[in-house]
Amino acid sequence: MKTLIATAQLQREIDSLAAISENPSPVVTRVLFSEADLRGRAFVKKLCRRAGLAWREDAVGNIFARWEGADKSLPPVATGSHIDAIPNAGKYDGVVGVLGALEAIRALKKSGFRPKRSIDLVIFTAEEPTRFGIGCLGSRLLGGVLPAGKAATLKDRDGKSLETWRKQAGCRGGLSSVRLPKNGYSAFIELHIEQGPILEKENISIGIVEKIAAPSTLRLQLTGVGGHAGALLMPNRHDAGLAGAEISLAVEQAALHSGSPDTVGTTGIFKIEPGAVNSVPYRAHLEIDLRDTNLKTRNAALKQVEKSAHEVCKRRGVKLKLVRLNVDPPAICDAGLVKMISGICRAQKISCKKMISRAYHDSLFMAQICPITMIFIPCRKGYSHRPDEYSSPGQIEKGVRVLAQTLAAISS
Ligand code: GLV
Ligand code: MN
Ligand code: MN
């Protein structure tokens, strides 16, 4: 089957969505349920409607746009990604998997293809952890990994709860209704930029994901003793900022010496109070991201970081509150799907290689309910989570083409 991808139209849609941002171009910021996020959702829903897809929205705001298949008794197939964006992001992360999937569906429709299984385009709520500290909020609930009761206790930094945010955004129903049954989908395929340099370096058009690395996140609140920067002598200090700095260095050491080259540790949030140059920090707020493809070394590094945090705080007379926000296992992709997509690439004369995803994705949690894999496309220098993130229209076109062929194969 020949699918003609409307590359220029897709690029215009990607650009239009990028313009819906909390910050001026080229920066894209769309934090969950912000005004920009709500406008972004409305934009995508409008495009889905135009493409003839009926959509529904669940209690946490996951959007499901459906192309009805001929046999409604069969579990549908699903594709999709996210449109929320961390502060100071670019325009391709997540978006290629949403608007690209929409274009794949439109191209299949135009080609005359009619699916036997329905095809759902899923736009997941909050793949990014910005508002509530926990990534993949929508897919965690869908996959049953985050219990509804626990989700209901989530609060943002200003103390505003998920319950309040989602109701304000117009989400109806209880969070327990979000969970999908096991095998409720027959497969889930996510198109995404690689967010790493390998495909570009090796001049390969498509990455087919075999495994998604295991992420974890810690939140630490350190409470020391503040005081006058001139008057409080050094031996008498309990500086929460310095305790945080030492812990950040311990994160680096734990990742460097885990024994696995794939362990990465980042203290991505580090805030001190009161934040005055002539005042000793009495409080520090840290959020730490620790990942690995290998669960054993990730868990050992995580324990090492926690041990160091306790040691540092004890030695410095600083009170520590440490919460594990998430500690997830890796996901193994379906070998049959990986093989099928390799075959599609071969048939399309598109170069491909199997690879690992070091970033997490909604696929990590969709793996709880159905077979999954991901289709990666190159991005310039591997840049992501920054405004100069870039994939060319030609690279996107190939990804969409492979996705379209895959959706056709698994839905017929
Ligand atoms: C997802 O955005 C991640 O941080 O891997
Ligand atoms: Mn991201
Ligand atoms: Mn993403």
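Only a predicted model underlies this, so the values are computations on that prediction, with no experimental measurement involved. (Residues numbered from 1 in each chain as written. Chains lettered and ligands numbered in written order. Predicted model: local features only at pLDDT ≥ 70, side-chain atom pairs only at ≥ 80, totals over all residues. Heavy atoms only, no water.)

(A) Spatial organisation of the site of ligand 1. Glu127, Glu128, Arg291, Ala359, Tyr360 and His385 make up every residue found near ligand 1. A distance of 3.0 Å is found between an oxygen atom of ligand 1 and a side-chain nitrogen or oxygen belonging to glutamate 128. Under a 2 Å grid-point criterion requiring more than half of the atoms, the pocket assigned to ligand 1 is the largest pocket. (Near = heavy atom within 4 Å. Polar contact = N/O pair within 3.5 Å; in protein donor to acceptor, adjacent residues only side chain to side chain. 1 Å grid on protein atoms, 1.4 Å probe; cavity = no way out; pocket = protein on both sides within 12 Å on 5 of 7 lines; lining within 4 Å. Sits in = over half its atoms within 2 Å of the grid points.)

(B) Highlighting the coordination of the manganese ion (ligand 3). Donor atoms from the polypeptide that coordinate the manganese ion (ligand 3) comprise His82 (NE2), Asp93 (OD) and His192 (NE2), at 2.0 to 2.3 Å from the metal. All donors of the manganese ion (ligand 3) come from a single chain, and their spacing in sequence reads H-x10-D-x98-H. The distance between the manganese ion (ligand 3) and the manganese ion (ligand 2) comes to 3.7 Å, and aspartate 93 binds to both of them. Here histidine 82, found in strand S4 (residues 77-82), pairs with aspartate 93, found in the loop between strand S5 (85-89) and helix H3 (95-111); they are eleven residues apart in sequence, far enough to count as distant. No difference in accessibility class separates histidine 82 from aspartate 93, as the two residues are buried. (Donors = N, O, S within 2.8 Å, 3.2 Å for Na, K, Ca; no water. Helix = DSSP H or I, 4+ residues; strand = E, 2+ residues; numbered from the N terminus. Buried < 20%, exposed > 50% of the residue type's maximum accessible area, 1.4 Å probe, protein only.)

(C) Representation of the pattern of salt bridges within the structure. Per the counting criterion, the structure on display carries 21 salt bridges. Arginine 291 serves as the salt-bridge partner of aspartate 289, at 2.8 Å between the closest nitrogen and oxygen. One exposure class covers both aspartate 289 and arginine 291, and it is buried. Counted as one network, the salt bridges with shared partners bring together Asp37, Arg41, Lys45 and Glu57. (Salt bridge = Lys/Arg side-chain N within 4 Å of Asp/Glu carboxyl O.)

(D) Structural view of the coordination of the manganese ion (ligand 2). Taken together, the protein donors to the manganese ion (ligand 2) comprise Asp93 (OD), Glu128 (OE) and His385 (NE2), at separations of 2.0 to 2.1 Å. Mapped onto the sequence, the residues coordinating the manganese ion (ligand 2) show the spacing D-x34-E-x256-H. Note on histidine 385: relative accessible area 37%, which makes it partly exposed.

(E) Focus on the packing of aromatic side chains. Within this structure, the stated rule accounts for three aromatic pairs. On the basis of an interplanar angle of 75 degrees and a centroid distance of 6.2 Å, the ring pair of tryptophan 67 and phenylalanine 113 is categorised as edge-to-face. In this pair, tryptophan 67 is assigned in strand S3 (residues 63-67) and phenylalanine 113 in the loop between H3 and strand S6 (119-124), connecting sequence segments 46 residues apart. Residue tryptophan 67 shares its accessibility class with phenylalanine 113, and that shared class is buried. When the ring centre of tryptophan 165 is taken as origin, the NZ or CZ atom of lysine 160, which lies over that ring, is 3.7 Å away. The side chain of arginine 386 reaches across the aromatic face of tyrosine 383, ending 3.4 Å from its centre. (Phe/Tyr/Trp six-rings, centres within 6.5 Å; stacked < 30°, edge-to-face > 60°. Lys NZ or Arg CZ within 6 Å of the ring centre and 35° of its normal.)

(F) Seen up close, empty space enclosed by the protein. Taken as a whole and judged by the stated rule, the model has one cavity of 30 Å³ or more. Here the largest cavity is characterised by a volume of approximately 30 Å³. Lining the largest cavity are Leu32, Ala126, Glu128, Pro129, Thr130, Arg131, Phe132, Ile134 and Leu137. A per-class count over the lining of the largest cavity returns six nonpolar, one polar and two charged. (Points joined across faces, edges and corners; volume = space filled by probe spheres on them. Nonpolar A, V, L, I, M, F, W, Y, C, P; charged D, E, K, R; others polar.)

(G) Seen up close, the sheet that holds strand S11 (residues 264-273). Ordered by their spatial adjacency, four strands build an open sheet running S11-S13-S9-S14, and the pairing between neighbours is antiparallel. The sheet is open, and its two borders are formed by S11 and strand S14 (319-327), each paired with just one other strand. Neighbouring strand axes in the sheet, compared pairwise and without regard to direction, differ in orientation by 15 degrees on average. The pairing of strand S9 (residues 214-223) with S14 spans eight bridges and is classified as antiparallel. (Pairing = 2+ DSSP bridges. Axes fitted to C-alpha atoms, helices over the stretch in contact; angles between N-to-C directions.)

(H) Representation of the packing of helix H1 (residues 7-18) against helix H2 (residues 35-50) within the structure. Packing of H1 against H2 leaves a shortest axis separation of 10 Å and a crossing angle of 155 degrees. As judged from the angle between their axes, H1 and H2 are roughly antiparallel. Seen from above, H1 lies across H2 with right-handed handedness. On H2, the residues touching Glu13, Ser16 and Leu17 of H1 are Gly40, Phe43, Val44 and Leu47. Here the residues of the contact of H1 with H2 are counted per class, giving four nonpolar, two polar and one charged. (Parallel < 35°, antiparallel > 145°, perpendicular 65-115°, else oblique. Left-handed = near helix turned anticlockwise from the far one by under 90°. Contact = heavy atoms within 4.5 Å.)

By themselves, these figures tell us nothing about what the structure is for.
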